[in-house]
Structures are given as structure tokens and as C-alpha cells.
Amino acid sequence: MTNQQMRAARAALNLSLEDIAGFTGVDAHKIIASESGGGDLDPQASERIRAFLESRGIVFFERGQADPGIGPGIQWRDQTLDQGTRPENLNSTNDDK
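The text that follows walks through the structure, step by step, so that each part is easy to find. Since we're looking at a predicted model, the values are computed, not measured. (Residues numbered from 1 in each chain as written. Predicted model: local features only at pLDDT ≥ 70, side-chain atom pairs only at ≥ 80, totals over all residues. Heavy atoms only, no water.)

### Here we look at the nonpolar core
Which entries qualify depends on this criterion: The definition of a nonpolar core used throughout is a set of buried Ala, Val, Leu, Ile, Met, Phe, Trp, Tyr and Cys residues joined through side-chain atoms within 4.5 Å. Buried means the residue's accessible area, taken with a 1.4 Å probe over protein chains only, is under 20% of the maximum for its type, while exposed means over 50%, and partly exposed covers the values in between. Helix and strand definitions here come from DSSP, where helices need a minimum of 4 consecutive H or I residues and strands a minimum of 2 consecutive E residues; each element is numbered from the N-terminal end. We call two residues contacting when some pair of their heavy atoms lies within 4.5 Å.
Ranked by size, the top nonpolar core spans 17 residues in total, and within it Ile 20, Ile 31, Ile 49 and Leu 53 carry the most contacts. Breaking this core down by element, the ones donating at least two residues are helix 1 (3-12), helix 2 (17-24), helix 3 (28-35), helix 4 (43-55) and strand 1 (58-61). If one sorts the elements of this core by residue count, helix 4 sits on top with 4 residues. Contact partners of Ile 20, with chain neighbours within four places excluded, come to Arg 10, Leu 15, Gly 25, Ile 31, Ile 49, Phe 52 and Leu 53.

See below:
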């Protein structure tokens, strides 16, 4: 996730810096510095933010992934597709009987 993708995803979801900080535990000052190009977040903070944004329906793609001439970007996940149970939520209570 690039700094620009993070800023675009936050804007698409209409979330404030404080919202992201509150949900992820990442300091709002670090988020604003990262979004403005003033420094990168540590890998754990970046992953927490990415996971949170993805849980809200954002999909991140890399340069050329969507089209060879297109840079990195974001899009909304198709909410009509059944995503099943995410691997981190699998446990014995949701096994098929």
C-alpha cells in the first residue's frame, strides 16, 4: 500500500485521521506524515491500516495489475460476491457438520 493509496482509501471511505488512528492504534500524527510523504510507517502499522481499510471494502492493486499503463490504485470490493469465511476467522465453531 502506497502513501497515496492510503490517503485515497481513507477519503473514499470518508474516514478522518482520528477514525483510522482509533480503529488501528496508529498515531494520527504518523498517519498524516505518511500520507503527506513525510515518512513511511513501520511495517506493522502499515499492515494494521491496510487490513482495516480492506475490511471496509477497499481493494489495493499494484502498478500494472489492473492494466499495463495504470499505476497503483484502489477500488471497491464487489460486495455481491460471497467471500466465504476469511482464513483468520476459521475455527471449529464454523466447521461444516
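And the narrative resumes.
### Points about unusual backbone geometry
With a phi close to 55 degrees, Asn 14 is a non-glycine residue in the positive phi region. By secondary structure assignment, the location of Asn 14 is in the loop between helix 1 and helix 2.

### With respect to the packing of helix 2 against helix 4
What counts here: Lines are fitted to the C-alpha atoms to define the axes, a helix being fitted only along its stretch in contact, and any angle between axes, read from their N-to-C directions, falls within 0 to 180 degrees. Any angle that falls under 35 degrees is termed roughly parallel, while one over 145 is termed roughly antiparallel, one within 65 to 115 roughly perpendicular, and all others oblique. Gly falls in the polar group here, along with every residue not listed as nonpolar (Ala, Val, Leu, Ile, Met, Phe, Trp, Tyr, Cys, Pro) or charged (Asp, Glu, Lys, Arg).
Taken N-terminus to C-terminus, the directions of helix 2 and helix 4 make an angle of 105 degrees; their axes are 10 Å apart at the nearest point. Between helix 2 and helix 4, the angle falls in the class roughly perpendicular. On the side of helix 2, the interface is formed by Ile 20, Phe 23 and Thr 24, while helix 4 contributes Arg 48, Ile 49, Phe 52 and Leu 53. Tallied by class, the residues present in the contact of helix 2 with helix 4 amount to 5 nonpolar, 1 polar and 1 charged.

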